[in-house]
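Coordinate analysis (summary)
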Amino acid sequence: MQRKVQVDVARRFFQYLEGRTTDYARAEMPIPAYTYFDEKYAMRERNLIFKRRPIVVAHSSEVREPGDYVTSDIVGSPVLVVRQEDGRVKAFSNVCRHRGAKVVTEEGGCGATRFKCPYHAWSYNPDGSLRGIPFEEGFDNIDRDEYGLTELPCDERHGLIWAIATPGEELDIEGQLGEEMDLDLQAFELDQYKLVRKAVFDEPMNWKVAADGFLDPYHLQFVHPKTVGPFFNTNVYTLDVLGPDVARLVVSRKSIHDVRDQDPEEVEILPHIISNYILLPNTFVAVEPKHFEVWTISPHPSEAGRCKITLRFLLRNEPQNEEEERYLEKNWKLLLMTVKDEDWVVGRTLQEGLGHGLVEETICGRNEAPIQFLHGNLAAAMNGGEGAMEDADAPYPRTYGNLVGDLA
Ligand code: FES
Ligand SMILES: [Fe+2]
């Protein structure tokens, strides 16, 4: 985080804690309940948002050297990420050009010189080009140059590797992040960190139920009274919308009270805050004092009421001694307990409750501006997207109320 931002955030927190206030949206935002369970809506969301926008598919440390590779998916579309000889990364559709089997079935590996499809052993080079066809007389008439793995738009910045599940789409991560976000992330040196743990969860809730939970400084003391709740100030946050798809959400630890009488220009604020960098549509980078968590929350490929949540835990280095090992173990356990036994227990009840259609809409308060930011962004994409309003009778709202940046 840039120094000037630290000063600004410190100043705002000191004021907010004093005045028992926070950043507010201009108005409450009703969110239609069907956006959480309607299958047709979920399909539109997958097509208009998840197939068109950049999605984080890996951390740079998962593919360090040429030939290193990792498999991933974008809402069910299998993706293969490979570090190239020139140091750049490429992403491919992990689908064999012969008859469509998944080419690489393992999670990842190092120093590959080729990828072989398990079905009829067609093989591909690390740059995606077709390398070999067994019994190739059967394919006399095809142009082999045309049968490489399908390359997907891919970009790497701040240690995150993004891809778009549609070949040929334009991808400009630097532009999308914008200068402010870019400088903030740069200051954290996220690209110098290493992935030390990764977990994937299949949860019975719409992806937005889980996403809302990460954007919610209002629930901390209520849902987490024995885990993280006692360490954070509930319902106090700063939110800065830095672009149409990016925002900085910061919450404070209780320890901030110890430094509240200091000059914001002088105070060392980072140990007392947790920043959450919101990279829409579905990635949240949480900055803790000694580690990062990258959360990516994706819709299920065919069910509105299910999602896939990927957690990447990053440390500057693999733990070098027992103390660092303990730090990792303790934080990992706390994290899993907080989300699995607390957040998602409530999340499942939301999904059940909303899914019965007895409630037509939920209401997001002025003190829930980060959630409003997410839903405003999604509404704009759903309604501004090509073909989004082709069905004139569809109950999709043009906006949910306050759109991007519309903060009081
Ligand atoms: S489907 Fe891959 S080689 Fe046949
Ligand atoms: Fe929570």
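Residues numbered from 1 in each chain as written. Chains lettered and ligands numbered in written order. Predicted model: local features only at pLDDT ≥ 70, side-chain atom pairs only at ≥ 80, totals over all residues. Heavy atoms only, no water.

1. Section: unusual backbone geometry
In this chain, leucine 280 is followed by proline 281 through a cis amide linkage whose omega measures 15°. With respect to the helices and strands, proline 281 occurs in the loop between strand E16 (273-279) and strand E17 (283-287). In this structure, arginine 20 is a non-glycine residue whose phi angle is positive, near 50°. Tracing the chain through its elements places arginine 20 in the loop between helix H1 (3-19) and strand E1 (29-32). In this structure arginine 20 comes out as exposed when scored by relative accessible area, which is 78%. Even without being a glycine, asparagine 235 presents a positive backbone phi close to 65°. Given a relative accessible area of 23%, asparagine 235 falls into the partly exposed group. (Helix = DSSP H or I, 4+ residues; strand = E, 2+ residues; numbered from the N terminus. Buried < 20%, exposed > 50% of the residue type's maximum accessible area, 1.4 Å probe, protein only.)

2. Quick notes on the sheet that holds strand E13 (residues 194-203)
An order of E13-E19-E18-E17-E16-E15-E14 is seen for the seven strands of this open sheet, with the pairing classed as antiparallel. Each of the sheet's edge strands pairs with one partner strand only, and the pair in question is E13 and strand E14 (232-241). Averaged over all adjacent pairs, the angle separating strand axes in this sheet is 20°, with direction ignored. One ladder, built from five bridges, connects E16 with E17; its direction is antiparallel. (Pairing = 2+ DSSP bridges. Axes fitted to C-alpha atoms, helices over the stretch in contact; angles between N-to-C directions.)

3. Here we look at the pattern of salt bridges
Scanning the entire structure with this criterion turns up 28 salt bridges. One salt bridge connects glutamate 45 with lysine 208, and the closest N-O pair in it is separated by 2.9 Å. On the criterion of sequence distance, the pair formed by glutamate 45 in helix H3 (residues 39-50) and lysine 208 in helix H5 (residues 207-214) is long-range, its members being 163 residues apart. Note on glutamate 45: relative accessible area 2%, which makes it buried. Residue lysine 208 is classed as buried on the basis of its relative accessible area of 1%. (Salt bridge = Lys/Arg side-chain N within 4 Å of Asp/Glu carboxyl O.)

4. What to know about the layout of surface pockets
One number sums up the size of the second largest pocket: a volume of about 410 Å³. Residue lining of the second largest pocket: 23 residues in total, with Thr71, Ser72, Asp73, Val200 and Lys308 positioned closest to the centre. Put simply, the parts of the chain that give the lining of the second largest pocket at least two residues each are strand E2 (55-59), strand E3 (69-74), strand E4 (77-83), E13, strand E18 (291-299) and strand E19 (307-315). For the lining of the second largest pocket, the class distribution of residues is seven nonpolar, nine polar and seven charged. Among the domains, domain 1 (3-53 + 172-384) and domain 2 (55-163) are the pair contributing at least three residues each to the lining of the second largest pocket. (1 Å grid on protein atoms, 1.4 Å probe; cavity = no way out; pocket = protein on both sides within 12 Å on 5 of 7 lines; lining within 4 Å. Points joined across faces, edges and corners; volume = space filled by probe spheres on them. Nonpolar A, V, L, I, M, F, W, Y, C, P; charged D, E, K, R; others polar. Domains from an automatic or database assignment.)

5. Side note on the coordination of the iron ion (ligand 2)
Summarising the metal site, the iron ion (ligand 2) is bound by the protein donors His219 (NE2), His224 (NE2), Asp343 (OD) and Asp343 (OD), whose distances to it range over 2.0 to 2.6 Å. One can describe the site at the iron ion (ligand 2) as irregular: its four donor atoms subtend angles covering 55 to 149° at the metal. Going along the chain, you hit the donors of the iron ion (ligand 2) in the pattern H-x4-H-x118-D. Assigned by exposure class, histidine 219 and histidine 224 land together as buried. (Donors = N, O, S within 2.8 Å, 3.2 Å for Na, K, Ca; no water. Tetrahedral: all angles 85-135°; square planar, octahedral: opposite > 155°, others 65-115°.)

6. Notes on the domain arrangement of the protein chain
Segmenting the protein chain into domains produces domain 1 (3-53 + 172-384) and domain 2 (55-163). The centre of domain 1, based on its C-alpha atoms, is set 31 Å off from the matching centre of domain 2. Taken together, the contacts link 31 residues of domain 1 with 20 residues of domain 2. Between domain 1 and domain 2, roughly 2,000 Å² of surface is buried when both sides are summed, and carbon and sulfur atoms account for 62% of that area. Connecting domain 1 to domain 2 are six salt bridges. (Contact = heavy atoms within 4.5 Å. Buried area = accessible area lost by both parts, 1.4 Å probe.)

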